[in-house]
Amino acid sequence: MARLARTFAPSLVLLAVLAPAAAAQTPWAPDALTVDDYERAERQLAQFKRPLVVGGQVAAQWIPDGGLWYRQSRADGWRFLRAGPGAGDPRPAFDHEVLAGALGTTLGRTMDADRLPIEDLSWDGADLVVTVDGTRYRCAGRAARCSAEGAVPEGPGRDYVVSPDGSRAAFTRDFDLWVVDLQTGEETRLTHDGTEDHGYATNNAGWTRSDRPVVLWAPGSDKLATFRHDARGVSMMHLVGTEVGAPTLESWRYPFPEDSVIFRIERMVVHMDGRVVPLDMPPDQHRSTICDHIYCGGQFSDVEWSPDGSTLAFVSSSRDHKEALLRVADPETGAVRDVMEERVDTYFESGVDGVNWRVLHDAGEVLWWSERDDWGHFYLYDLETGELKRQVTSGDWVVRELRHLDTDAREVLFTGAGREPGDPYFEYLYKVDLDSGDLTLLTPDSAHHQVQIAPDGETFVDTWSTPLVPPTVALRNRDGRELSRLDEADISGLVASGWKAPMPFTTKARDGVTDLHGLMYTPSHLDPNRRYPVVNYLYPGPQSGSVGSRAFSPARRDHQALAELGFIVVEVDAMGTPGRSKSFHDAYYGNMGDNGLPDQVATIRQLAERHPYMDLDRVGIWGHSGGGFASTAGILRYPDFYSVAVSQAGNHDNRNYEDDWGEKWQGLLVEYDDGTTSYDNQANHLLADRLEGKLLLAHGLMDGNVPPSNTLLVVQALIDADKDFDLVVFPDASHGFGNTPHMMRRRWNYFVQHLLGAEPATEFRFGGQRPRM
């Protein structure tokens, strides 16, 4: 009625004012929820919603002629299509009925033309070569006849790194570096003095570790860049397994901010002729410019070979991430030359989604990424002198990731955000000329773009969507012209299932000026004349945000599922998260206890002003990992706002977490004369006496990422303060238990009981299972 009054008749405004309190002031608080309520919520999860989206996903398999083939999903199965290299509609990659018959005859079983189990395919003249069940078949005569050519050779395994020419693979054994000849199986030991705490190519950051060696092969496959990993003097991590009888102790090196030394890497080049050439420089700190490891995105980070393998370029980062030094080395002599250095007051990063610096060896230049003007942009330097030649991109927007560098055309393809009108988290593909700085937008549709670029950079697959609009896929050339429409998602089945899209919103941050962006989820049975409790999901970063990708998704975590139980769910990317300006990202540097919470609170208050069905007297908060840290901080720091919190696997005091995390975002640990430290302002256990609401803590006792001592510190402090709280421990779980059936059910029940004020359906189990009686 109030909305009608504002829209149509001034006289109705008076009636609305004089009327009794609107029904919107009535809280929605049922006595109990049923199993049917929970099952309706369960049906909002990804395993139910994703199969209802047909098409809209293209995994491009590039063909040497510049075209591609891909598998297109349909309601009745899938088909294989081929497109490019020029303009034109996609076409069948082959005659599906004919190939189904030929393969069926060869394999001795019936093949469905709409569900061919092809794993790979290629063309050899007029023949089609396909892989089915690990065996390669050659199909001739327009694919009418197929004959087996033998099994596809298996790769050496995930713990091996294959050389560019495919002849060798590097691996570690007994702390030394080895290679295996993939043709003969002959193994060669390249180093001979590795020890447990001083091994070669060791893949250990403390919080994560692997047996896969950290190496970068030279283009010619004749040598590789690696290091000797010095863990001597670094702290140990110990976790104790839970089992019948004697416990099992798991121990490994795990550095903390308080350690006087952290992991160091002694850089070197190992030649296949047996030479080991150490680089002539002191050991580097175990740091990269993009992640909290030196192995980022599946590769040795901040290391790059010249095309001819004659020069190795790399970046040395300081322990506190404030200094980044680009260097080049001679792999034959080990001589090292410093090229250029960048120093910042907080932390240096070389990109948002990946390392963005490149050396243009033939041109004698360096393409560098910096946020020195508050926005992430490209800069061109002289490789010999280290002097700045020019800024390549500029403006109040962000270069996110360098995707393709054409040194001949002197053009760069990269993703960027914030330059076009609309959501600043929508990513677009751009092309920039290194000399003129001329910039071209290659993906014009106002949406979030995900791109797959052909190896030669001449074409790319563009998939665009928004949280509300399903994906469309096209093939474009390097000027952005659409060559063919590859696919469009069909969400008719999703809509028919009762799917409810999230609601994008914009609010103001704590400063009242900066725009924040997020998503809100409401029950499909929303009654605007009721008030619903609010659940604030958050991940504070600082390396990512709460919302994640702005691409279309039929289900984001369990947000809509939780909304179906009678909640308004809110997630927003607060200040302190990446993808915007440097000052936005630095908002709470040195004070991780902030966690973006002032922006979370401000956002929910603003949304409640717009939507009277949000009940600010009932606000809960939850998160996992960094979100577990932040959700506990929320209920302790804002007890008048948050009344219920679920906190999973939180790093509640970053002195108890890995060194790289705290030292990058909080700074190096400083101990003051009065016994306090520079980390006290972020430690949740020091605030335990502030607890007023309901708090559920959860942790896996075998969590090698965020050690369980983080949560146990809070537990002990709450006990010391004589506070009531709830605790769930997973004896055998590592870090990723957050959305396991038991944890999700416990989380739902906790909010239903303590925030909604209803009796949970305790007999509910995911998948329709009922507890044994």
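The sections below set out a description of the structure shown in this document.

Concerning the overall build of the protein chain
For step 1, the next point in the chain: Across its full length, the protein chain holds 13 helices and 49 strands.
For step 2, the next point in the chain: Taken over the C-alpha trace, the protein chain has a radius of gyration of 29 Å; the compact-globule value for 773 residues is 28 Å, and the two agree within 12%.
For step 3, the next point in the chain: With respect to the principal axes defined by its C-alpha atoms, the protein chain has extents near 85 × 75 × 65 Å.
For step 4, the next point in the chain: A total of about 32,100 Å² of accessible surface is found on the protein chain, and carbon and sulfur atoms cover 48% of it.

So, the sheet that holds strand β30 (residues 358-360)
For step 1, the next point in the chain: If you walk across this open sheet you meet the four strands as β30-β31-β32-β33, and the pairing is antiparallel. In this open sheet, the two strands that pair with only one neighbour each are β30 and β33 (388-391). Averaged over all pairs of adjacent strands, the angle between strand axes in this sheet comes to 25 degrees, irrespective of strand direction.
For step 2, the next point in the chain: Relative to strand β32 (residues 377-382), strand β31 (residues 365-370) runs antiparallel, the two sharing six bridges. Within β32, the residue paired with V366 across the bridge is Y381.

Topic: the packing of aromatic side chains
For step 1, the next point in the chain: Tallied over the full model, the rule gives 28 aromatic pairs.
For step 2, the next point in the chain: Measuring from centroid to centroid gives 6.5 Å for W252 and Y254, while their planes differ by 65 degrees, and the two rings are edge-to-face. The same class applies to W252 and to Y254, which are both buried.
For step 3, the next point in the chain: Note on F378 and F414: the rings are 5.6 Å apart at their centroids and 90 degrees apart in plane angle, and the pair reads as edge-to-face. Of this pair, F378 sits in strand β32 while F414 sits in strand β35 (residues 411-417), placing them 36 residues apart in sequence.
For step 4, the next point in the chain: Directly above the ring of W78 sits R71, whose terminal nitrogen or CZ lies 4.1 Å from the centroid.

A look at empty space enclosed by the protein
For step 1, the next point in the chain: The full count for this structure, using the stated rule, is four cavities of 30 Å³ or more.
For step 2, the next point in the chain: Of the volumes computed, that of the largest cavity is approximately 70 Å³.
For step 3, the next point in the chain: Around the largest cavity sit Q44, K49, W499, K500, P502, Y521, S553, P554, A555, R556 and Q560, which together line it.
For step 4, the next point in the chain: Looking at side-chain class alone, the lining of the largest cavity contains five nonpolar, three polar and three charged residues.
For step 5, the next point in the chain: In this structure, the second largest cavity occupies an estimated 50 Å³ of space.
For step 6, the next point in the chain: By residue class, the composition of the lining of the second largest cavity is six nonpolar, two polar and one charged.

What to know about the pairing of strand β7 (residues 127-132)
For step 1, the next point in the chain: For β7, the buried fraction is high: six of the six residues fall into the buried class.
For step 2, the next point in the chain: Across the two faces of β7 the burial is the same, with D127, V129 and T131 and L128, V130 and V132 all buried.
For step 3, the next point in the chain: Pairing between β7 and strand β8 (residues 135-140): five bridges, direction antiparallel. Paired with T131 across the bridge in β8 is R136.
For step 4, the next point in the chain: Between the end of β7 and the start of β8, which pair antiparallel, lie two residues, with D133 showing a positive phi angle near 55 degrees.

As for helix α9 (residues 597-610)
For step 1, the next point in the chain: Here α9 is 14 residues long and its end C-alpha atoms lie 20 Å apart, about the 20 Å a rise of 1.5 Å per residue gives.
For step 2, the next point in the chain: Buried residues dominate α9, accounting for ten of its 14 residues.
For step 3, the next point in the chain: On the buried face of α9, the contacting elements are β42 (503-508), β43 (515-521), β44 (530-537), β45 (568-573), β46 (614-624) and α10 (626-637).

Reading the values: rules and limits
Residues numbered from 1 in each chain as written. Predicted model: local features only at pLDDT ≥ 70, side-chain atom pairs only at ≥ 80, totals over all residues. Heavy atoms only, no water. Helix = DSSP H or I, 4+ residues; strand = E, 2+ residues; numbered from the N terminus. Rg over C-alpha atoms; globule rule 2.2 N^0.38 Å. Areas by Shrake-Rupley, 256 points an atom, 1.4 Å probe, with all protein chains shown as cover. Pairing = 2+ DSSP bridges. Axes fitted to C-alpha atoms, helices over the stretch in contact; angles between N-to-C directions. Phe/Tyr/Trp six-rings, centres within 6.5 Å; stacked < 30°, edge-to-face > 60°. Buried < 20%, exposed > 50% of the residue type's maximum accessible area, 1.4 Å probe, protein only. Lys NZ or Arg CZ within 6 Å of the ring centre and 35° of its normal. 1 Å grid on protein atoms, 1.4 Å probe; cavity = no way out; pocket = protein on both sides within 12 Å on 5 of 7 lines; lining within 4 Å. Points joined across faces, edges and corners; volume = space filled by probe spheres on them. Nonpolar A, V, L, I, M, F, W, Y, C, P; charged D, E, K, R; others polar. Expected span 1.5 Å × (residues − 1). Contact = heavy atoms within 4.5 Å.

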